[in-house]
Every structure is written in structure tokens, then in C-alpha cells.
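The residues making up each chain are set out below.
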Amino acid sequence: MTAMSTVEETATAPDDVASARGRFRPLRWLFVLVLAVLLAQLIVFLVGNDRFQWDVVAKYLFEKSVLAGLGTTVLLAVAAMALGSLAGGVVAAMQLSGFGPARWVATLWVGLFRGIPPLVQLIFWFNLAYLLPKLSLGIPFGPVFGTWDANSVITPLTAAVIGLSLVESAYLAEIFRAGVSSVDAGQRDAARAMGYPPGQTLVRIVLPQAMRVIIPPAGSQFINVLKGTALVSVIAMSDLLHAVQVIYNRTYEIVPMLLVACFWYLVVVTLLTAGQRRLERRFSRGHRGAR
Amino acid sequence: MSAPVLRISDVRKDFGPVTALAGVSLDVHEGETVVVIGPSGSGKSTLVRCAHQLESIDGGAMYLDGELLGHRRSPGGLRALTERRIAAQRRRMSMVFQQFNLFPQFTVLRNVTDAAIRVHRRDRSTVEAEARELLERIGLAGREDHYPRQLSGGQQQRVAIARAVLVRPRVMLFDEPTSALDPELVDEVLAVLRDLAAAGTTMVVVTHEMAFAREAADRCVFMEAGRIVEEGPPGELFARPGTDRLRAFLSRHLSEKEGVS
């Protein structure tokens, strides 16, 4: 009896969780501590180790040949992505078609260009002249309109664009196909039911919804092809990596020059990622924040 | 009686080894409301999907205002139309789905008006004014700028009906329009259907709502196993079913509903 009355007297205010403090989370404190130590170590390593030669990095960061290489890298990536998207769209349409032979060709295409390492494909296209010394344009088994020497047509640039575009087309075809398949069959039904012709059904109704599924992996794929352009340095294409290689072959400042390349790759990839986020938001209209 | 708006003549449809429609004939006349009832799997939905050419048919023929649907006559016999030509034929009919199938990337107003503007090439401001008026009439005023996902099922289905009305179809097809709705939302959709029927819309409604069939139908069609077993005015059909199968179906479905109301 006396104990109860004591409780009532001391607990004058009613309990209210609004004034409660958060849960004690020791592991979080530990995590922050470890992170701080690691960060300090990293800074000491980056600043204290003069083999990084930050002055050399700064000197070559805006070097003309480096910026030209960066331009080539971006150009190659954009070209491969554009041509790869076009071809990939056609291949995806063939895969989704009800016509058997179209599906088989598309499956073979994807299997081939996704299955062979990009580096091998690049070297192969660069050496196409060995297989086909002459390239001609004309009607099969009919008149020929023009013939070119393969060695003059297949420059490092064309070999790089062809090789990277073909690889891209295979990956993008799969991404597009998955995107279109992800759209509820009822959407296509409804579009057809409202009398939309086939083209408009695809462009106005199906694709805008497929874009939600397509953009994240397509964005990753763009980043992949941008990094993949570094492969073209093996066929003497003067991309970003090749540009810094030319310099460090002369000066032996390998690590600082690679840091220059890393810097620019990261800058472009970061910009691409930001662009991808914007697109994602654009196409999530009507899908966010239910009720 | 005048020529039917929609004529379905001995239509057959198989899905692989399964026969969905085993020769169905049905004429729908101007201003008529035909309600199709029957157990699930009886081919009711397939019938309206075939009528709107969302599924191809394996036999028989269909006519809209006397025009052969899906094929053209050529010297060598019938020839399938291109998808574009079929799309043009679909523009004279419209359909409401069980799952609403509104376009999630469009606002309510855009959902209702897009086909009328883009496909029928009608004037935007006229269509939008018509759409706003229609939305207000079915209790959706102020929802024009919402996205479908922000609406309840009953509201979504009413938007879908508005979308189907605005293209001024010769005949409207309804594929179980209330089956995906919570019970308390069914009536708001049926009310819209009743208004349409009363206004003289030519429509075919596949439904399990027997009370609706009784009140709104000019003619009720009972299907089972891909065939029309019986048809007639709902009052007569419900009062004096001519077959054991309809009698069994009615006793199952009427008792449930009558018990509730």
C-alpha cells in the first residue's frame, strides 16, 4: 500500500514518448570512429606520399593531348551508344516478334556480340582487311556500285565504332526487351482497344512505361561503354587512356598520369549518373507517391 | 427490326487444346443493353475480347454496321487486314476492362482525352471541355490532374468508362467492369453503367452482378462452355429458366445477392 502511493506521488507527469531520447547504438559510434581513423590515414597517404607527384597531375590535367583524348573517349562512347541503341532497338523488336526467323537471328546476334570479349572483337574488326581486302557496295550477285580498299576504310576509329556499337547493341537489345516485357499486357490491350495504331501504341503507351525499367541498366551500360572505350588504346586509337600512355612512355610518370585519366573518367561518369537520375525522375511520373 | 450494330455470327475460338467459343452468334441492336452472364470459364470475356479484335477468331465472322471485321473480301476469298486497318475498325467501338488498364503515366484528363485527340484527331479544347463535363457528371470533378494511382478502384473504373465514352463508340463493351472492385465500390460504377444504358448507349456488359442484369438489361444472354445456352429479357429468363444449367446458375447467384439486399 505505501509503496503504491509512493509511485503515484513521484510520477506526477503522465508518460509521454514525445520527450523520449533515441535508442543507444554503440555500433554506430564505433563505425564513425573507424571511418574517421581510415579517412585520416588516407589523407596522410595521399598528401604525405610525394610519389603521387600531385604537381605533375596538376600540370597535365588540362594538357591539350589529354583533353583531345577525353574528347575522343566521349565521342566514341556517344557514337557507340547511339548506334548501339538503334541496332539494339531493332534486335529487341525482332526478339519480341512473333516471327520465328526474326527471333532466331536476334538470338544469334545477342549471343555472338555479347559472348565474345569486346577486346577480341575490336582487334578482329581492326584486322578485317586480312579477311576482306576489298569492301564493295552493290546488289548481291548483281551490279557493284563501288569498291573500297578495306585497309583505308577500317581505320582505328571505324574499327572502334563498329566494335563498340555491336557490343552495345547486344546488351541494349536485352535491356530494351526486358523493359518492354515488363509493361503489363493490359496496357497494350487498352491502347489497342482505344484504337491506337501499332506505332502509337508502342511510342505513346508502352515505351514510356518501359523507360522506367530501361533507364537504370541503360545508364549503367553507358558508363560501361565509356570505360570500355579504354580498350581501343590497343588498336592505337588516341583516346584518353592512350593520350596519357603516350605521355608516361616519354616521362615515366606513370602513376600521376593514370591519376589524370582517373580524374576525367570519374568526372564524366559522375555527370552521366546525374543525367540518369534526372531521366529516372522524368519517367517515374504517375508512379511515385500513391494516394 | 433494323440491322444490328454488332453482329457476331457463329464465332469460334480455341486457346490451344481448349475451346473457348464453340460457335457463338449474337446480334446487338442500336440502343440495346445486352448483359452476358455465365460461370467463369464459360467464354464471356473471350467473346467481348474477340468482338473488339483483341483476340483473333478461329472461325465465323463479325460485322460492325454491316462491315466485316478483321478481314476483307478479295477474289481469292477472305484476307486478314493489317493491324492499322484493324485499329481503324476498333476506333468505332470501345471497351472497359476488369483491371481498368488506365495509362499510369497520364493524368486523369489525359487518360480520358488522349485517344480522342491523338487517334480520332478531334479538336483538343472541345474534347477537353467534353471530358471535364463528363468527369463532373460521374462524380470526378477536381480529379482531372490526379494520376490513376492516386485514385480508388471505383474512381479508376469510372475514369476508364469516361475514356471509353469520349471516343463516341457505336458500341461499348464491358469486360466484368466491377469484378476487381471492393464490394462497397461496386455500386458507384454500376450507377454510371445504368445511366449509360438509360441514355440509349449500345452496350454489351459481361458481369456477375445479377441485380444489374435484371434492372438494366434489355436482353440477357447466358453462356456456358463456349456457347450461348439461353437468352431473353432478364425478367422472363430469371423467372422461368428454360434449362437446368441456367436454373442451377441462377440459384447459386441470385440467392447470394438477394440474401444481402
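Conventions adopted
- Residues numbered from 1 in each chain as written.
- Chains lettered and ligands numbered in written order.
- Predicted model: local features only at pLDDT ≥ 70, side-chain atom pairs only at ≥ 80, totals over all residues.
- Heavy atoms only, no water.
- Contact = heavy atoms within 4.5 Å.
- Buried area = accessible area lost by both parts, 1.4 Å probe.
- Salt bridge = Lys/Arg side-chain N within 4 Å of Asp/Glu carboxyl O.
- Polar contact = N/O pair within 3.5 Å; in protein donor to acceptor, adjacent residues only side chain to side chain.
- Helix = DSSP H or I, 4+ residues; strand = E, 2+ residues; numbered from the N terminus.
- Expected span 1.5 Å × (residues − 1).
- Buried < 20%, exposed > 50% of the residue type's maximum accessible area, 1.4 Å probe, protein only.
- Pairing = 2+ DSSP bridges.

Trainee: Give me the interface of chain A and chain B: which residues, what numbers.
Mentor: On the chain B side, the residues contacting the 24 residues of chain A number 34 residues. By the criterion of area lost to chain B, the three top residues of chain A are A:R192, A:M194 and A:R204, representing 26% of everything that side buries. Inspection of the region where chain A meets chain B yields three salt bridges. Taking the shortest distance from any N to any O, the salt bridge between B:E83 and A:R192 comes out at 3.7 Å. In this structure, the connection of chain A to chain B is made through eleven residue pairs in polar contact (both at pLDDT 80 or more). Elements supplying a minimum of two residues to the side of chain A that touches chain B: α10 (185-193) and α11 (198-228) of chain A. Broken down by element, the side of chain A that touches chain B gets its largest block of residues, seven residues, from α10(A).

Trainee: Which residues make up helix α3 (residues 108-119) of chain B, and what values do they have?
Mentor: Think of an α-helix as turning once every 3.6 residues; residues three or four places apart then point the same way. Over its twelve residues, α3(B) runs 17 Å from end to end, which matches the ideal 16 Å to within 8%, given 1.5 Å per residue. Taken across its twelve residues, α3(B) has ten buried, putting it largely inside the fold. Every buried residue belonging to α3(B) is among B:V108, B:L109, B:N111, B:V112, B:T113, B:D114, B:A115, B:A116, B:I117 and B:V119, and all of these are buried. Buried-residue contacts for α3(B) involve α11 of chain A together with α4 (124-137) and α5 (153-166) of chain B. Of the residues trailing α3(B), B:R121 is marked for its positive phi of about 55°.

Trainee: Tell me about the pairing of strand β3 (residues 33-37) of chain B, residues and numbers included.
Mentor: All names here are of chain B. Judged by how many residues are buried, β3 sits mostly within the fold: five of five residues are covered. Judged by which residues are buried, β3 turns out to be covered on both faces: T33, V35 and I37 on one side and V34 and V36 on the other are all buried. Of the pairings in the sheet, the one linking β3 to strand β10 (residues 203-206) comprises four bridges and is parallel in character. Bridge pairing in β10 links V36 to V206.

Trainee: How would you sum up the pattern of salt bridges? Please name residues and give values.
Mentor: Applying the stated rule across the entire model yields 25 salt bridges over all chains. With a shortest N-O distance of 3.4 Å, B:E83 and B:R90 are connected by a salt bridge. Salt bridges sharing partners connect three or more residues here, namely A:R204, B:R110, B:D114 and B:R118.

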